[in-house]
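Spelled out from the first residue to the last, the chains are:
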Amino acid sequence: MIQVDHLYKKFDENTEVLKDINLHISKNEVVSILGPSGTGKSTLLRCLNYLCVPTKGVIRIGDTTVDAEHHKKSDVRALRRHSSMVFQNYNLFKNMTALQNVMEALIQVQKKSKKEAEERAIELLEKVGMADRKDFYPSKLSGGQQQRVGIARALAVSPDVILFDEPTSALDPELVGEVLNTIQKIAEDGATMILVTHEIRFAREVSSRVLFMDEGRIAADGKPEDIISHPQNPRLQQFLKYFAQT
Amino acid sequence: MSNNIFSVSYFLEIFPKVVGKLDVTLYLTLIAMICALILGTILAIIAFYRVPVLYQISRVYIAFMRGTPAAPQLFFFYYGLALISTTITNMSATTAVAIIISLNMGAFMSESIRAALMSVDVGQREAAASLGMNGLQTVIRVILPQAIRVALPPLFNDIINIIKMTSLAFMLGVKDIMGVGRSEAALSLRYFETYAAIMIVYFVVIMIFSFFSKKLEKICNEAY
């Protein structure tokens, strides 16, 4: 369902962040991307919805194919309609309540009626356990609560794939659990997800597949038990050892 | 009594005459404010998106408007450009003043609005894009509502400057608060009372405006 071919991203002449990424992800897969900082995990994720424009390469999600070297605005918007994103810093619309945040894309992008959008939004807020806070503005919510609303907002557009960009990295340790539980619940519902994370144990539990990225390449790709429990790649072994210590 | 330095009776006589021209001042302010806001918003959006060509032109325009005083701008436009344009020759002085204040303050307002647009976190735009919203939807639904509360205090400042700038209208013969006071004072030679009355009227108008602008700022900040 997601196909990435020969994807490159250069920020300038000397910093090539992604080097020839090739990737196929099927429906219902939950893919975690692990790896040291600065190896292009987030860049890869952000290239999938063109928040970051790749230098070269082809991305296909569902029936939309976009070639980086000659992409049009309309192609990019079509591509984005197949996915949604949960951000590290939540990025909830500050001028809208939790409910309005979830309703926004339903009304503006999917052109649903206000009533229909509201019903769907409340349903989703219930799913992430935030229905009782639906009329709160983001500034009145904790980080964990904001991120759960962020997840509801991402679910609202019925995406083919949800992209999680380090969803718990900005959270206080005691708030990580509630967000991970929410993500797990959605994974169990059969959503297709790609998850950039530093939560190794969680990645092992929730994923059906793990990618290990190193220096702009996919260095290992396989089932979580193979990648995390029995790593072959020396860089991966080193990386996991470091996490085992902390 | 008429030889007193400050004649209360003359003050009481001139005050209603000055207040009587408040409509001209307020009318000028209102027109200039609306036009300057529209111009300022357009210039700010051009600067925000760095629209090619228009951006370079707008920078020169803003630098020029901010770098020269309003009084020579007024004369240059109404008496200078009038030599080559019949539209300006036939224009009423009030319209000319409104145009110059709008052009001048529009440049200032564009900077206030641009700063406010840039204050909105880039993550807000990314979130809108990731949900498939287009550029216009993002600006109208997300960026502008958040920018307005940031822009309000500097914009209110700009509007107070517009109110005060309308007092230049007398230079083209407009009979506003300042214009009528000036000709009365020239006849009576009672400058003290006349200009005291003029300043009090401006002061009260600006105080009332400030009161309501503070209220509005508060309402905008309470929302979220």
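Per chain, residues are indexed from 1 in the order of the written sequence. To read the labels, note that chains go from A and ligands from 1, taken in the order they are written. Local features in this predicted model are restricted to residues of pLDDT 70 or higher, and side-chain atom pairs are both shown and tallied only at a pLDDT of 80 or more, whereas totals for entire chains, interfaces and linings draw on every residue. Here the side-chain values reflect all heavy atoms present in the structure, with hydrogen atoms and water set aside.

Asker: Please explain the overall build of chain A as it appears in this structure.
Answerer: Each helix and strand in chain A was counted, giving nine helices and ten strands. C-alpha atoms define the radius of gyration in this analysis, and the globule rule sets the expected value at 2.2 Å times the number of residues to the power 0.38. For 246 residues, the compact-globule estimate of 2.2 N^0.38 gives 18 Å, and chain A sits close to it at 18 Å. Seen through its principal axes, chain A has C-alpha atoms that stretch 55 × 45 × 30 Å. Burial statistics for chain A: of 246 residues in total, 54% are counted as buried. Taking the intrachain contacts of chain A between residues at least 6 apart in sequence as the baseline, contacts between residues at least 24 apart amount to 64%. Shrake-Rupley sampling with a 1.4 Å probe provides the accessible areas, and residues are treated as covered by the protein chains on show and by no other component. When the accessible surface of chain A is summed, it comes to about 11100 Å², and 45% of that surface belongs to carbon and sulfur atoms. A run of H or I in DSSP counts as a helix once it spans at least four residues, and a run of E counts as a strand once it spans at least two, with each numbered from the N terminus. Relative accessibility under 20% of the residue-type maximum defines a buried residue, over 50% an exposed one, and the middle range a partly exposed one, all with a 1.4 Å probe and only protein chains included. Two residues qualify as a contact provided that any one of their heavy atoms is within 4.5 Å of a heavy atom in the partner residue.

Asker: Explain the sheet that holds strand 9 (residues 209-214) of chain A to me, please; I cannot follow it from the model alone.
Answerer: Sheet strands associate in pairs through backbone hydrogen bonding, adopting either a parallel or an antiparallel arrangement. All names here are of chain A. Here, strands pair whenever DSSP counts at least two bridges between them. In space, the six strands of this open sheet follow the order 6-7-8-3-9-10, with mixed pairing throughout. Edge positions in the sheet fall to strand 6 (83-86) and strand 10 (217-222), since each has one partner strand and no second. Recorded for the sheet is a direction-independent mean angle of 20° between the axes of neighbouring strands. As paired strands, strand 6 and strand 7 (residues 161-165) are joined by four bridges and run parallel to one another. By the bridge assignment, Ser83 is partnered in strand 7 with Val161. All axes here are fitted lines through C-alpha atoms, helices being fitted over the stretch that makes contact, and every angle between N-to-C directions spans 0 to 180 degrees. Contacting strand 3 (30-34), strand 6, strand 7, strand 8 (193-196) and strand 9, helix 1 (residues 41-48) runs over the sheet at an angle of about 145° to strand 7. Sheet strands touched by helix 6 (residues 173-188): strand 3, strand 7 and strand 8. Its angle to strand 8, the strand with the most contacts, is close to 155°.

Asker: I tried to follow helix 1 of chain A on my own but got confused; where do I start?
Answerer: Since one α-helical turn is 3.6 residues long, residues separated by three or four positions face the same way. Residues and elements named next belong to chain A. When you tally the buried positions in helix 1, you get seven out of eight residues, the bulk of the element. Along helix 1, the residues classified as buried are Lys41, Thr43, Leu44, Leu45, Arg46, Cys47 and Leu48. In the segment just after helix 1, Tyr50 is the residue with positive phi, at about 60°.

Asker: Any chance you could explain the pattern of salt bridges here in plain terms?
Answerer: Between side chains of opposite charge, a pair can form as their charged atoms come close. Think of a salt bridge as a Lys or Arg side-chain nitrogen and an Asp or Glu carboxyl oxygen that are within 4 Å of each other. Per the stated rule, a full pass over the model turns up 15 salt bridges over all chains. In this structure, A:Arg209 and A:Glu29 form a salt bridge, with 3.3 Å as the shortest nitrogen-oxygen distance. With a gap of 180 residues between them, A:Arg209 in strand 9 and A:Glu29 in the loop between strand 2 (16-25) and strand 3 connect regions that are remote in the sequence. With its nearest N and O atoms 3.3 Å apart, the salt bridge here joins A:Arg120 to A:Glu123. Of this pair, A:Arg120 and A:Glu123 both sit in helix 4 (residues 114-127), three residues apart, which is roughly one turn of that helix. The partly exposed category is assigned to A:Arg120, whose relative accessible area is 26%. Relative accessible area serves as the criterion here: at 47%, A:Glu123 is assigned to the partly exposed category. A cluster of three or more residues bridged by salt bridges with shared partners is formed by B:Arg59, B:Arg66, B:Glu111 and B:Arg114.

Asker: How should unusual backbone geometry be read in this particular structure?
Answerer: If a residue is not glycine, its phi is most likely negative; likewise, a peptide bond is most likely trans. Backbone geometry places A:His6, a non-glycine residue, at a positive phi of 45°. You can see A:His6 is positioned in strand 1 (residues 2-10). For B:Arg50, which is not glycine, the phi torsion reads 50° and is therefore positive.

Asker: Any chance you could explain the interface of chain B and chain A here in plain terms?
Answerer: Frequently, the measure chosen for interface size is the accessible area removed from exposure when the parts meet. In this assembly, 19 residues from chain B lie in contact with 24 residues from chain A. What counts as buried area is the accessible surface, traced by a 1.4 Å probe, that two parts surrender upon association, with contributions from both included. Counting the surface lost from both chain B and chain A, the interface buries some 2000 Å², and carbon and sulfur atoms represent 57% of this. The largest per-residue losses of area from chain B upon contact with chain A belong to B:Ser130, B:Leu131 and B:Tyr224, which jointly make up 32% of the total buried on that side. Across the chain B-chain A interface, the total number found is two salt bridges. Of the charged contacts in the structure, one is a salt bridge between A:Arg46 and B:Glu126, with a shortest N-O distance of 2.7 Å. Here a polar contact is taken to be a pair of N or O atoms separated by no more than 3.5 Å, where protein atoms must pair a possible hydrogen donor with a possible acceptor and residues adjacent in sequence count only if both atoms sit in side chains. Where chain B packs against chain A, one counts eight residue pairs in polar contact (both at pLDDT 80 or more). When contributions to the side of chain B that touches chain A are tallied by element, the ones reaching two or more residues are helix 7 (122-130) and helix 8 (135-165) of chain B. Amino acids are sorted into nonpolar (Ala, Val, Leu, Ile, Met, Phe, Trp, Tyr, Cys and Pro), charged (Asp, Glu, Lys and Arg) and polar (every other residue, Gly among them). A class-by-class count of the residues in the side of chain B that touches chain A yields nine nonpolar, seven polar and three charged.

Asker: What's the story with a nonpolar patch on the surface in this structure? I'm lost.
Answerer: All names here are of chain B. Think of a patch as exposed residues, more than 30% relative accessible area, with no salt bridge, where like charges cluster within 9 Å and nonpolar side chains (Val, Leu, Ile, Met, Phe, Trp, Tyr) cluster within 5 Å. Taken together, Ile200, Phe203, Val204, Met207, Ile208, Phe211 and Phe212 make up a surface patch of nonpolar side chains, about 690 Å² in accessible area. Looking at where Phe203 falls in the secondary structure, it is placed in helix 10 (residues 191-222). Taking the relative accessible area as the measure of exposure, Phe203 reaches 53% and is therefore exposed.

Asker: Where do I start with the nonpolar core in this structure?
Answerer: Where a protein is soluble and globular, its nonpolar side chains tend to be buried together. In terms of nonpolar packing, the biggest core is built from 53 residues, with B:Val18, B:Val97, B:Ile101, B:Leu117, B:Ile162 and B:Leu172 touching the most fellow members. Contributions of two or more residues to this core are made by helix 1 (8-19), helix 2 (22-49), helix 4 (70-80), helix 6 (93-119), helix 8, helix 9 (177-188) and helix 10 of chain B. Excluding residues that lie within four positions of it along the chain, B:Leu172 makes contacts with B:Leu74, B:Phe75, B:Tyr78, B:Tyr79, B:Ala93, B:Ala96 and B:Val97. In this description, a nonpolar core means a group of buried Ala, Val, Leu, Ile, Met, Phe, Trp, Tyr and Cys residues linked to one another through side-chain atoms lying within 4.5 Å. The next biggest cluster of nonpolar side chains, apart from the first, holds 41 residues, and it includes A:Leu18, A:Leu48, A:Val157 and A:Met213.

Asker: Sorry if this is basic, but what is going on with the confidence of the model for chain B here?
Answerer: Detailed conclusions should not be drawn from predicted coordinates in areas where pLDDT is low. Here chain B averages 92 in pLDDT, while 98% of its residues score no lower than 70. Reported confidence for the predicted complex is 0.92 by ipTM and 0.82 by pTM. Every residue carries a pLDDT, the predictor's confidence in it, which falls somewhere between 0 and 100.

Asker: Is there a simple way to think about the sheet that holds strand 2 of chain A in this case?
Answerer: All names here are of chain A. Read across the open sheet, the four strands follow the order 2-1-4-5; overall the sheet is antiparallel. Only two strands of the sheet have a single partner each, and these edge strands are strand 2 and strand 5 (64-67). If you compare each strand with its neighbour and ignore which way they point, the axes differ by 15° on average. Alignment of strand 1 against strand 2, held across six bridges, turns out to be antiparallel. Opposite Lys9, over in strand 2, you have Leu18 as the bridge partner. Along the sheet face, helix 1 touches strand 1, strand 2 and strand 4 (56-61) and points at about 60° away from the line of strand 2. Of the strands in this sheet, strand 4 and strand 5 are in contact with helix 2 (residues 73-80), which crosses strand 5 at around 135°.

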